[in-house]
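Each chain is listed here by its residues.
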Amino acid sequence: MTGTGSEDKTRTVQPRRGRADKATAIVQAACQVFGRDGYSRAGIDTIAAEAGVSTRTIYNHFPGGKEELFRSVMRWSSERVRDAQLAQLRRYLDPERPPHPANLERDLLALARAWVGLMTDFRDHFALVRHIYAEVGHIPAEVLDAWQETGPRAVGGEVTAAMAALDDHGLIDVHGDPAQATVHFMALISTEITQRSYWGLSPLPQEEADRLTAAGVRAFLRAYGSAA
C-alpha cells in the first residue's frame, strides 16, 4: 500500500489482550478524523473525543503521539483495502487461471469496476489518501513509505504478476515491461474517476463511472492487446 526499524514505527494495530476494544475504537476514530481534517489539523483531543477515550489512553496505546497513530491508521486502513483489491484481482484475473481470449475485455472491465467501487466502500481510507497527497510535505517520510509498502506497492506487485501471466499466455503484449503495463492499466481505469469524484467523496453517477472504466479498458487493450 518499511520504516526506521523500530518496533513502534513499523507495527500495525496489534493490541494486547484486554485492550483490543479501546485500540480499535481509537484507530477507527482516528481514521475518520484524519480523513476529515487531514494530518496537520487533526488533534489528539479531537480523536480522543471521537473515540470516547481520554488523551492519556491514546498515549498509552501510541506513545509516539499523532505520528505513530497516523502510521498505524494508514497501515491498518491500507491492509483492509489491499486485501479487498487482491480478492477482486484473484477473482477476475488470477494468474493461475487466465481468461479465455474472448473473455479478456469482460474480465478486465469487471476488475476495473470492482476496484473503482472500493472508493465508496472504503471512503474513509481514500479520504486519508487524498489528504496525503495534499499534505505530503508535512507527513514523515517513513509514514509515506509504510503506506506505500503496505498498500500500493503490494497491490502493484500482484497486478504486475497478473500482467506477466497474461503476456505469457499470449493474451496481451506487455512489450517486455509488465510493471509499466500495470501502471498504465491502473491509471486508465481510475485516474479520471478519482479526480472527478475527489477520491470517491463525491461519487460520479454509476452510468458515467461505467463509461469511463470501459473507455479505460478499451484504451489499455489498444495499447497492449496481443497482435495474435
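Residues numbered from 1 in each chain as written. Predicted model: local features only at pLDDT ≥ 70, side-chain atom pairs only at ≥ 80, totals over all residues. Heavy atoms only, no water.

The name given to the protein in an unreviewed UniProt entry is TetR/AcrR family transcriptional regulator, and the organism recorded there is Microtetraspora fusca.

Novice: What am I meant to see in the packing of helix α5 (residues 65–92) against helix α6 (residues 104–121) here?
Specialist: Pairs of packed helices are described in terms of their axes, by the angle between the two and the distance that separates them. Packing of α5 against α6 brings their axes to within 9 Å, and their N-to-C directions diverge by 165 degrees. By the angle between their axes, α5 is roughly antiparallel relative to α6. Crossing hand, α5 versus α6: right-handed. The segment α5 lies against α6, with A84, Q85, Q88, L89 and Y92 engaging D107, A110, L111, A114, W115 and L118. (Axes fitted to C-alpha atoms, helices over the stretch in contact; angles between N-to-C directions. Helix = DSSP H or I, 4+ residues; strand = E, 2+ residues; numbered from the N terminus. Parallel < 35°, antiparallel > 145°, perpendicular 65-115°, else oblique. Left-handed = near helix turned anticlockwise from the far one by under 90°. Contact = heavy atoms within 4.5 Å.)

Novice: Looking at this structure, how should I read the packing of aromatic side chains?
Specialist: Describing an aromatic ring pair means giving the distance of the ring centres and the angle of the ring planes. In the structure shown here, the tally under the stated rule is 7 aromatic pairs. With a centroid separation of 4.8 Å and 80 degrees between ring planes, the pair formed by F34 and F70 is classed as edge-to-face. Of this pair, F34 sits in helix α2 (residues 20–41) while F70 sits in helix α5, and the two are 36 residues apart along the sequence. For F34, a relative accessible area of 0% gives the class buried. Residue classification places F70 among the buried residues on the basis of a relative accessible area of 2%. For the ring pair Y133 and W147, a centre distance of 6.1 Å and an interplane angle of 85 degrees mean the geometry is edge-to-face. (Phe/Tyr/Trp six-rings, centres within 6.5 Å; stacked < 30°, edge-to-face > 60°. Buried < 20%, exposed > 50% of the residue type's maximum accessible area, 1.4 Å probe, protein only.)

Novice: Which parts of the structure should I look at to understand unusual backbone geometry?
Specialist: What you tend to see is this: most non-glycine residues have negative phi, and most peptide bonds are trans. One non-glycine residue with positive phi stands out, namely H175, at about 55 degrees. Locating H175 in the fold gives a position in the loop between α9 (152–168) and α10 (178–196). A relative accessible area of 53% means that H175 is categorised as exposed. Positive phi outside glycine occurs at Y198, with the angle close to 55 degrees. Along the chain, Y198 turns up in the loop between α10 and α11 (206–224).

Novice: How should the pattern of salt bridges be read in this particular structure?
Specialist: Across all of its chains, the model carries 12 salt bridges by this definition. R71 is the partner of E67 in a salt bridge, and the nearest nitrogen-oxygen pair spans 2.8 Å. Within this pair, E67 and its partner R71 are both found in helix α5, separated by 4 residues, close to a single helical turn. Given the relative accessible area of 2%, R71 is considered buried. Between D145 and R153 there is a salt bridge, with its nearest N and O atoms 2.8 Å apart. Taking the relative accessible area as the measure of exposure, R153 reaches 39% and is therefore partly exposed. In this structure, a network of salt bridges that share partners links the residues E192, R196, E208 and R211. (Salt bridge = Lys/Arg side-chain N within 4 Å of Asp/Glu carboxyl O.)

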